[in-house]
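So the chains spell out like this:
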Amino acid sequence: MQLIDKQLGDVKDRSLADQGRSRIEWAASFMPVLAQIKERFARERPLAGVRIGACLHVTTETANLMLALQAGGAEIELCASNPLSTQDDVAAALSEHYKISTNAIKGEDNATYYKHIETVVATKPHMTMDDGCDLVTTIYTKHNHLLADMIGGCEETTTGVIRLHAMEKDGVLPFPVIAVNDALTKHMFDNRYGTGQSTLDGVIRATNVLIAGATVVVVGYGWCGRGVASRAKGLGAHVVVTEIDPRKALEAAMDGFQVMPIADAAKVGDIFITVTGNFHVIAGSHFESMKDGAIVCNSGHFNDELDLDALEALTASKAQPRTFVDAYTLKNGKTVRVLGEGRLINLAAAEGHPAAVMDMSFANQAMAAGYLAQNYKTLEKKVYSVPDHIDEEVAELKLAAMKIAIDTPTPEQVKYMASWSEGT
Ligand SMILES: NC(=O)c1ccc[n+]([C@@H]2O[C@H](COP(=O)([O-])OP(=O)(O)OC[C@H]3O[C@@H](n4cnc5c(N)ncnc54)[C@H](O)[C@@H]3O)[C@@H](O)[C@H]2O)c1
């Protein structure tokens, strides 16, 4: 496999590179598992000669993942997986100090966002690393000729995995993809504790609103929703959950939250947070019935969880009272405040997940990439889970880093758990 020439990419301000490097190093100090994998990669070089096209949130944690892949021998071209999630100092540091070609500018318009994706595709990657499936769908729909040299991909998030399963079902998945999101050491921690904490952090940084005493409506009680609801409760909110899955609704009720349809919740909420991965879960009629001053944001992958076109149509005037806050004054006289243009609020207004949780997600990513590079010849055009031994190893390394010891089953216990003949 031939390596591409080094390009420096497209970043906002290269003078931010030193600040970016300092923050990347700070994040690294909370990522001991990824650090061990990076050391192993530097010795074993499992990605030597592999061109990786990466479309990820350009954060300090992602930078550390890129450095681990680079240590493993990969040649990387990186772009953002959301127009608002890029940390410009990190993009500058990656380009300037670490020679990882990065194409990402916070606040880039849609045309630039897609131009950056095309820049990554133009490097003819052998492997994709996506957060939301944009690279896979772009290559499949517009650059089919690249597929002959491709070995597979890795996907970071729930929404991307849903799309990949849809492609597999339609018989159009172009290569094997590992669903990193499905590893337990990813979604149990990243989606729940990472999204939980950083989403509230985003709401607070954007608004400085007091959570205690507020009614927070959490739309969707999956892994992310559980985390958001529990963190909002911890800060003193009265939490209302809306769901479409009866089992998740029941779980929310038994976790102590009030459950009701969104049409009712719209009337009582002070702060709305969507985390469904679904479309228009807050619609025009819901915006219209909200209280004056209601705050609305999304932490699901795409901003189309909110029907912002319907909101525009209901609007008489618009203002921006603070960065990341658009105040829509409706024709009915009430004002609805939308945060971060409806894009993932934890990345738009805050810094995304804490490094300690991304340590596990990105350890899975790095090892999944290594696994793919070593095993692609035996894999089919399917969505694969992260191999169990990798998931378990990530948990073991994290526990060791946290200096937590656990028990090992005795031989009798192993035998007992494997047998069916023991009775009362
Ligand atoms: N902000 C972040 O950094 C971050 C991190 C991880 C995942 N995500 C994204 O967050 C979204 C949710 O991820 P998850 O892992 O929690 O998924 P999940 O599948 O575990 O949960 C989604 C929940 O939303 C519910 N839902 C769907 N449509 C609904 C509707 N109309 N009303 C109410 N509930 C509805 C589903 O029943 C499900 O329980 C995805 O888009 C994912 O990609 C964001």
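Residues numbered from 1 in each chain as written. Predicted model: local features only at pLDDT ≥ 70, side-chain atom pairs only at ≥ 80, totals over all residues. Heavy atoms only, no water.

Outline the sheet that holds strand S4 (residues 101-104), listing residues and values.
Strand order across the open sheet formed by 8 strands is S1-S4-S3-S2-S5-S6-S7-S16, with parallel pairing between neighbours. One side of each edge strand has no neighbouring strand; the edge strands of this open sheet are strand S1 (9-11) and strand S16 (383-385). On average, adjacent strands in this sheet sit at an angle of 25 degrees to one another, irrespective of strand direction. Here 4 bridges tie strand S5 (residues 127-130) to strand S6 (residues 152-155), and the two strands are oriented parallel to one another. Its bridge partner lying in S6, Thr128 is registered against Gly153. Lying over the sheet, helix H6 (residues 134-142) contacts strand S2 (51-56) and S5, oriented at roughly 135 degrees with respect to S5. On top of the sheet, helix H15 (residues 355-375) reaches S5, S6 and strand S7 (177-179); it is set at about 165 degrees to S6, its chief contact. (Pairing = 2+ DSSP bridges. Helix = DSSP H or I, 4+ residues; strand = E, 2+ residues; numbered from the N terminus. Axes fitted to C-alpha atoms, helices over the stretch in contact; angles between N-to-C directions. Contact = heavy atoms within 4.5 Å.)

Go over the site of the ligand with me, naming the residues and quoting the values.
Surveying the vicinity of the ligand reveals 27 residues, the closest of which are Thr157, Thr158, Thr159, Glu243 and Ser299. Take Glu243: an N or O atom from its side chain is 2.5 Å from an oxygen atom of the ligand. Between the ligand and the protein, one listed contact pairs a nitrogen atom with a backbone N or O atom of Ser299 at 2.8 Å. Burial of the ligand by the surrounding chains reaches 87%, relative to a free accessible area of 870 Å². Where the shell around the ligand is concerned, the elements lending two or more residues are helix H7 (158-169), helix H8 (184-207) and helix H9 (223-234). When its residues are assigned to classes, the shell around the ligand shows 8 nonpolar, 16 polar and 3 charged. Mapped onto the domain boundaries, the shell around the ligand takes at least three residues apiece from domain 1 (3-186 + 353-401) and domain 2 (193-348). (Near = heavy atom within 4 Å. Polar contact = N/O pair within 3.5 Å; in protein donor to acceptor, adjacent residues only side chain to side chain. Areas by Shrake-Rupley, 256 points an atom, 1.4 Å probe, with all protein chains shown as cover. Nonpolar A, V, L, I, M, F, W, Y, C, P; charged D, E, K, R; others polar. Domains from an automatic or database assignment.)

Break down the pattern of salt bridges for me, with residues and values.
Summed over all chains, the structure comprises 17 salt bridges. The partner of Arg40 in a salt bridge is Glu393, and the shortest N-O contact between them spans 2.4 Å. Here Arg40, found in helix H2 (residues 32-44), pairs with Glu393, found in helix H16 (residues 388-401); they are 353 residues apart in sequence, far enough to count as distant. For Glu393, a relative accessible area of 22% translates into the label partly exposed. Between Lys382 and Glu380 there is a salt bridge, with its nearest N and O atoms 3.7 Å apart. A relative accessible area of 33% places Lys382 in the partly exposed class. It is possible to trace a salt-bridge network through shared partners that takes in Arg23, Asp89, Asp201, Arg205 and Glu351. (Salt bridge = Lys/Arg side-chain N within 4 Å of Asp/Glu carboxyl O. Buried < 20%, exposed > 50% of the residue type's maximum accessible area, 1.4 Å probe, protein only.)

Any chance you could break down the confidence of the model for the protein chain for me, citing the residues and the numbers?
Per-residue confidence for the protein chain gives a mean pLDDT of 96, with 98% of residues at or over 70. When pLDDT is averaged over each helix and strand of the protein chain, the minimum, 95, is found for helix H17 (residues 411-418) and the maximum, 99, for strand S8 (residues 215-219). (pLDDT = per-residue confidence, 0-100.)

Give a detailed account of the packing of helix H5 (residues 110-122) against H6, specifying residues and quantitative values.
Close contact between H5 and H6 brings their axes to 10 Å; oriented N to C, the two are set at 75 degrees. Relative to H6, H5 is oriented roughly perpendicular. Residues Tyr113, Ile117, Glu118, Val120 and Val121 of H5 form the contact with H6, whose participating residues are Asp134, Leu135, Thr138, Ile139 and Lys142. Tallied by class, the residues present in the contact of H5 with H6 amount to 6 nonpolar, 1 polar and 3 charged. (Parallel < 35°, antiparallel > 145°, perpendicular 65-115°, else oblique.)

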